[in-house]
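Chain residues, written in single-letter form:
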Amino acid sequence: MASRKDDYQGRDIFIEPHVKSSTGNQKDPNFVRIYFDWDEASEKLVVGDCGGHLENHSTRSVR
């Protein structure tokens, strides 16, 4: 999905991998998901998003 594609120093990265808190409730103050990718050129872990769920096929709203 487009929300998983990001840009880092002019290179495309795909922040599909993520780690998440143990709680599944987004209203819980301890809820977090951190989406990231490994950038080979810089040899760095790049965080693309930190917060709630990113949109996916099961969370998209039907219009």
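I will try to describe carefully the structure that is included in this document. (Residues numbered from 1 in each chain as written. Predicted model: local features only at pLDDT ≥ 70, side-chain atom pairs only at ≥ 80, totals over all residues. Heavy atoms only, no water.)

1. Points about the overall build of the protein chain
When its secondary structure is counted, the protein chain shows 0 helices and 5 strands. Ordering the α and β elements of the protein chain from the N terminus gives β-β-β-β-β. Considering the protein chain as a whole, with its 63 residues, one finds that 21% of them fall into the buried category. As displayed, the protein chain offers around 4800 Å² of accessible surface, 49% of which is attributable to carbon and sulfur atoms. (Helix = DSSP H or I, 4+ residues; strand = E, 2+ residues; numbered from the N terminus. Buried < 20%, exposed > 50% of the residue type's maximum accessible area, 1.4 Å probe, protein only. Areas by Shrake-Rupley, 256 points an atom, 1.4 Å probe, with all protein chains shown as cover.)

2. Focus on the side chain of serine 21
In this fold, serine 21 is placed in the loop between β3 (18-20) and β4 (33-39). On the basis of relative accessible area, serine 21 is assigned to the buried category, the value being 16%. Within polar-contact distance, the side chain of serine 21 engages the backbone oxygen of asparagine 30 at 3.4 Å. The contact partners of serine 21, leaving out residues within four places of it in the chain, are Asn30, Phe31 and Val32. (Polar contact = N/O pair within 3.5 Å; in protein donor to acceptor, adjacent residues only side chain to side chain. Contact = heavy atoms within 4.5 Å.)

3. Re the environment of tyrosine 35
Here tyrosine 35 is to be found in strand β4. Put simply, tyrosine 35 and arginine 4 are 31 residues apart on the chain and 8.4 Å apart in space, counted from C-alpha to C-alpha.

4. Quick look at the side chain of aspartate 37
Tracing the sequence through the fold places aspartate 37 in strand β4. For the buried aspartate 37, no salt bridge exists, and the shortest N-O distance to an oppositely charged side chain is 9.1 Å, to arginine 11. Among the polar contacts listed, one links the side chain of aspartate 37 to the backbone nitrogen of phenylalanine 14, at a separation of 3.1 Å. Here aspartate 37 is in contact with Ile13, Phe14, Ile15, Lys44, Leu45 and Val46, once residues within four sequence places are set aside. (Lys, Arg positive; Asp, Glu negative; His and termini not counted. Salt bridge = Lys/Arg side-chain N within 4 Å of Asp/Glu carboxyl O.)

5. Quick look at the nonpolar core
Listed in full, the 5 residues of the largest apolar core are Tyr8, Ile13, Ile15, Tyr35 and Val46. Tyrosine 8 has contacts with Ile13, Asp39, Ser42, Lys44 and Val46, leaving out every residue within four places of it along the chain. (Core = buried A, V, L, I, M, F, W, Y, C linked by side-chain atoms within 4.5 Å.)

6. A word on the pattern of salt bridges
It is possible for side chains bearing opposite charge to pair when their charged atoms get close. Within the structure shown, the criterion is met by 2 salt bridges. Of the charged contacts in the structure, one is a salt bridge between aspartate 12 and lysine 5, with a shortest N-O distance of 3.7 Å. Looking at lysine 5, the relative accessible area reads 45%, which means it is partly exposed.

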